[in-house]
Amino acid sequence: MERISITPKELRDIMKEYAFDDDIMNDEPQKVRVAKMALARINEADRIIFTLALDKQSSREVGKILGCSHSTILKQLAKIKKDLMREVLAIIEDEGLED
């Protein structure tokens, strides 16, 4: 897999812009709360890639930001989606939630 190339300053800037805020969990519908909890459980690098992909809507743009190819981003996003689904299912089971 291609290594993602990004400077420490660029990473800090991205992390600051897309920082996870625990306070946003309050007073939200259950599905939104579970989605945010799942996102909080994945590693920070994956959370940044996923958030950038949601924001930019293009794997090419995300690849440019992170200094890697769009195919690397697409592969990573497929892994992240599986990880998020696993986390959502775990949260639903752990908290005894129903659809």
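Our structure is the block above this text.
Residues numbered from 1 in each chain as written. Predicted model: local features only at pLDDT ≥ 70, side-chain atom pairs only at ≥ 80, totals over all residues. Heavy atoms only, no water.

K.L.:
How should the packing of helix H4 (residues 59–66) against helix H5 (residues 70–94) be read in this particular structure?
P.N.:
A pair of packed helices can be characterised by two numbers: the angle between their axes and the separation between those axes. Between H4 and H5, whose axes approach to 8 Å, the crossing angle comes to 105°. In terms of their interaxial angle, H4 and H5 are classed as roughly perpendicular. On H5, the residues that touch Ser59, Arg60, Val62, Gly63 and Leu66 of H4 are His70, Ile73 and Leu74. Class assignment for the residues of the contact of H4 with H5 results in four nonpolar, three polar and one charged. (Axes fitted to C-alpha atoms, helices over the stretch in contact; angles between N-to-C directions. Helix = DSSP H or I, 4+ residues; strand = E, 2+ residues; numbered from the N terminus. Parallel < 35°, antiparallel > 145°, perpendicular 65-115°, else oblique. Contact = heavy atoms within 4.5 Å. Nonpolar A, V, L, I, M, F, W, Y, C, P; charged D, E, K, R; others polar.)

K.L.:
Is there a simple way to explain the nonpolar core in this structure?
P.N.:
Across soluble globular proteins, nonpolar side chains have a tendency to be buried as a group. In this structure, Leu66, Ile73, Leu77, Ile80 and Leu84 are the most contacted members of the largest nonpolar core, which totals 20 residues. When residues of this core are traced back to their parent elements, those giving at least two are helix H2 (30–41), helix H3 (44–56), H4 and H5. Dropping the residues within four chain positions of it, leucine 84 is found in contact with Ala38, Leu39, Ile42 and Phe50. (Core = buried A, V, L, I, M, F, W, Y, C linked by side-chain atoms within 4.5 Å. Buried < 20%, exposed > 50% of the residue type's maximum accessible area, 1.4 Å probe, protein only.)

K.L.:
So what exactly am I meant to see when it comes to H2 here?
P.N.:
At 3.6 residues per turn, the α-helix brings residues three or four places apart onto the same side. When the terminal C-alpha atoms of H2 are compared, their 17 Å separation across twelve residues agrees well with the 16 Å that a helix rising 1.5 Å per residue should span. Among the residues of H2, Val34, Met37, Ala38 and Leu39 are the ones counted as buried. Contact partners of the buried residues in H2: H3 and H5. (Expected span 1.5 Å × (residues − 1).)

K.L.:
Looking at this structure, I do not really get H5. What am I missing?
P.N.:
In this model H5 runs 35 Å from its N-terminal to its C-terminal C-alpha over 25 residues, within 8% of the 36 Å that 1.5 Å per residue would give. Within the span of H5, buried status applies to Thr72, Ile73, Gln76, Leu77, Ile80, Asp83, Leu84, Glu87 and Ile91. Elements that come into contact with the buried residues of H5 comprise H2, H3 and H4.

K.L.:
Is there a simple way to explain the pattern of salt bridges in this structure?
P.N.:
It is possible for side chains bearing opposite charge to pair when their charged atoms get close. The full count for this structure, using the stated rule, is six salt bridges. With a closest N to O distance of 3.3 Å, arginine 41 and glutamate 87 form a salt bridge. You can see arginine 41 sitting in helix H2 and its partner glutamate 87 sitting in helix H5, a full 46 residues away along the chain. For glutamate 87, a relative accessible area of 17% gives the class buried. (Salt bridge = Lys/Arg side-chain N within 4 Å of Asp/Glu carboxyl O.)

K.L.:
What should I look at first to understand the packing of helix H1 (residues 8–17) against H3 in this one?
P.N.:
At a closest axis distance of 10 Å, the pairing of H1 and H3 adopts a crossing angle of 70°. Considered as vectors, H1 and H3 are oriented roughly perpendicular to each other. The chirality of how H1 crosses H3 is left-handed. Contacts between H1 and H3 involve Leu11, Ile14 and Met15 from the former and Glu44, Ile48 and Leu52 from the latter. (Left-handed = near helix turned anticlockwise from the far one by under 90°.)

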